[in-house]
Structures are given as structure tokens and as C-alpha cells.
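What the coordinates show
If you want the building blocks of each chain, they are given just below.
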Amino acid sequence: DLHRRRHSFPTRRSSDLGKAASSPKAPETDAVAALPAETGETFSTEVTQVDAKALKKWLGDHDKTSVALSFAGNWGRGAGNIDAVALAAADGSAIWCTYIQGEAVLTNWLESDAPKIVHDAKGPAIALLNQGVRLGGLVSDPAIAAYIVSPGTRNFELGELVTRYLHKSLTLADKPEEERSLFSTEPGISGELLAMQARATLELATHFDQDLAERGGASLFATIEIPLIGVLADLESAGIAVRSEEH
């Protein structure tokens, strides 16, 4: 049914965009994100890799506004793991850190009511649950918003939505391969690309906030669709027990 389809997108793929092309795919991942068609404009994002202390300061400086996140990791079938996260704010700043670097500062903030925007959030929410963290404060998910706006669409990937609604591309500017992980101390993780995804997520959320308000769907989105993401993540993480009885 439409309700199930709206919350049953294929296992998250856009997290893989934060990893180098040579990174092996996690066994849980059942599809690969398609990069958007070539467009004339890309996202311009400067990103800084931070430790827990710098992360705490950045979060304090942006505690009054929604922050968009992009995760690197793998998830699906009720399990998963987060390796890194990028955060982008409306003032243009962006940071990223590995899950380990973020320490308790990151996990406490992820569980807090601080407003967060995550594209196709159910997958990362499941992975976080697998690591003992319950994602809190979710206020927007552009994948869900896109379905409400255009339910006949089949592709809700971040790159596709960026091309369709923002007329931009998620591809990095022309750079030597060694510079594409310029901000990374972790093999295979590109902080720059993660930050670009977070920036795209933020811009899409702004676009859909206006669109949903004009269509009269903002209340449905905020009071039913967004809270349901956490419920479905809990259900998928817990799984279903089946008892086989012999007759």
C-alpha cells in the first residue's frame, strides 16, 4: 500500500557516496546510489574535520537552528553501523568526524531533541540503534517529503532529488583522485563528499518545507510521517520472531 511504500525505500545507498569508489560494499546494502544526470551547478562546501571538543563548540554555535546530517556506513535488514557523519548548517558552515572521533559529544547530541534533518533517515536510525543510540530530534526527511509531493515517482535517491528539484549535481568538482579525500584521515571516507550530501539535504528540506506548506501537507508530514520513521526503525531493528510448530 502507499503507506508501506512511503516508508520502505531500498536500503540506504547515499551513505556509500561518502566513501571512495574502491570501498567494498557492505553485505546489507542491496543497491547503489545513482549519481544525478550531469548539470551545470554543484554544491560549494568547505568542511573541517573535527574532534569531540571542536564538535561540541560547533554544536553550541548552531543550537538554535536545524542541522542537516549525512552518514557514512552501512545498514539494512535490521542492522548496520555508522562510520562517520557530516553536519551542515544554514550559515554555510559544515564539519565532519568519524563516529569514534565524536565520542559522547556526538552520541549525546544525536539522541537529543536538537532539530535534525536526515535524508532517508530510517536506515541510519537503524544503524544507530545497532550501536546503542536512538536518533532524536528528527524534523525533516527529504525522501519522505518528496514522496508526499510526488507519490508517483519511483526514485527518491538524494542525487536524483537534487537534480530534479535543485537542478544541481552531487559530483565533486574536477580534482585529482588523491584530493577527493582531502579532509579525511580515514581510508575510503571523503569528508568533503559527506558534507556535500549534508548541504544538499539541507537545501532539499528547505525546498520541501515551502512546497508542503503550499500543498497543505506540512501538518501530515510533521505529526505523522516524521514520527513514524522512528517507529519503523524500532520495528525493523527488533525484527519478527517466528515459531515453527511441528504437527
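Note: the structure precedes this text.
We now turn to the structure provided with this report.

Calculation notes
- Residues numbered from 1 in each chain as written.
- Predicted model: local features only at pLDDT ≥ 70, side-chain atom pairs only at ≥ 80, totals over all residues.
- Heavy atoms only, no water.
- Helix = DSSP H or I, 4+ residues; strand = E, 2+ residues; numbered from the N terminus.
- Buried < 20%, exposed > 50% of the residue type's maximum accessible area, 1.4 Å probe, protein only.
- Contact = heavy atoms within 4.5 Å.
- Axes fitted to C-alpha atoms, helices over the stretch in contact; angles between N-to-C directions.
- Left-handed = near helix turned anticlockwise from the far one by under 90°.
- Nonpolar A, V, L, I, M, F, W, Y, C, P; charged D, E, K, R; others polar.
- Core = buried A, V, L, I, M, F, W, Y, C linked by side-chain atoms within 4.5 Å.
- Salt bridge = Lys/Arg side-chain N within 4 Å of Asp/Glu carboxyl O.
- Expected span 1.5 Å × (residues − 1).
- Pairing = 2+ DSSP bridges.

1. Some thoughts on the overall build of the chain
Regarding its fold elements, the chain presents 8 helices and 6 strands. Across the chain, helices and strands are ordered from the amino to the carboxyl terminus as α-β-α-β-β-β-α-β-α-β-α-α-α-α. Here the chain holds 247 residues, and the buried ones make up 50% of them. Here the contacts in the chain between residues at least 6 apart in sequence split such that 70% fall between residues at least 24 apart.

2. A short note on the packing of helix α5 (residues 142-149) against helix α7 (residues 191-215)
Running from N to C, α5 and α7 point in directions that differ by 35 degrees, and their axes come no closer than 9 Å. Considering the relative orientation of α5 and α7, their crossing is left-handed. Contacts between α5 and α7 involve P142, A145, A146, I148 and V149 on the former and, on the latter, T201, L204, A205, F208, D211, L212 and R215. Each residue belonging to the contact of α5 with α7 can be placed in one class, and the counts come to 9 nonpolar, 1 polar and 2 charged.

3. Considerations on the nonpolar core
Counting 51 residues, the largest nonpolar core has L69, F71, L87, L110, L128, V162 and L204 as the members making the most contacts within it. Considering every element that reaches this core, the biggest residue donor is α7, with 6 residues. Apart from the residues lying within four places of it in its own chain, the contact partners of L204 are P142, L158, L161, V162, Y165 and L166. Listed in part, the 11 residues of the second largest apolar core include A84, A86, A94 and W96.

4. Considering the pattern of salt bridges
The final tally for this structure, using the stated rule, is 6 salt bridges. One salt bridge connects E236 with K122, and the closest N-O pair in it is separated by 3.1 Å. With a gap of 114 residues between them, E236 in helix α8 (residues 218-238) and K122 in helix α4 (residues 122-130) connect regions that are remote in the sequence. Owing to a relative accessible area of 18%, K122 belongs among the buried residues under this scheme.

5. Here's the deal with α7
The terminal C-alpha atoms of α7, which comprises 25 residues, lie 36 Å apart, in line with the 36 Å expected from a rise of 1.5 Å per residue. Positioned one or two residues after α7, G216 has a phi angle of 75 degrees, which is positive.

6. With respect to the pairing of strand β4 (residues 94-98)
Across the 5 residues of β4, 5 count as buried, placing the element largely inside the fold. Burial along β4 is two-sided: the residues A94, W96 and T98 and I95 and C97 are all buried. Relative to β4, strand β1 (residues 47-49) runs parallel, the two being bridged by 3 bridges. Looking at β4, one finds that T48 is bridged to I95. Across 5 bridges, the pairing between strand β3 (residues 79-88) and β4 is antiparallel.

7. A look at the sheet that holds β4
One key point about sheets: their strands pair by backbone hydrogen bonds, in either a parallel or an antiparallel sense. Judged by pairing direction, the sheet is mixed, and its 6 strands sit side by side in the order β1-β4-β3-β2-β5-β6 without closing on themselves. Bordering the open sheet on either side are β1 and β6 (138-140), each of which pairs with just one other strand. For this sheet the average axis-to-axis angle between neighbouring strands, irrespective of direction, equals 35 degrees. Taken together, the 2 bridges between strand β5 (residues 116-118) and β6 define a ladder with parallel strand orientation. For K116, the partnering residue across the bridge sits in β6 and is L138. The strands that helix α3 (residues 99-111) touches are β1, β2 (67-76), β3, β4 and β5; relative to β4, the one it contacts most, it runs at about 115 degrees. Against the sheet, α7 engages β1, β2, β3, β4, β5 and β6, with an angle of about 120 degrees to β2.

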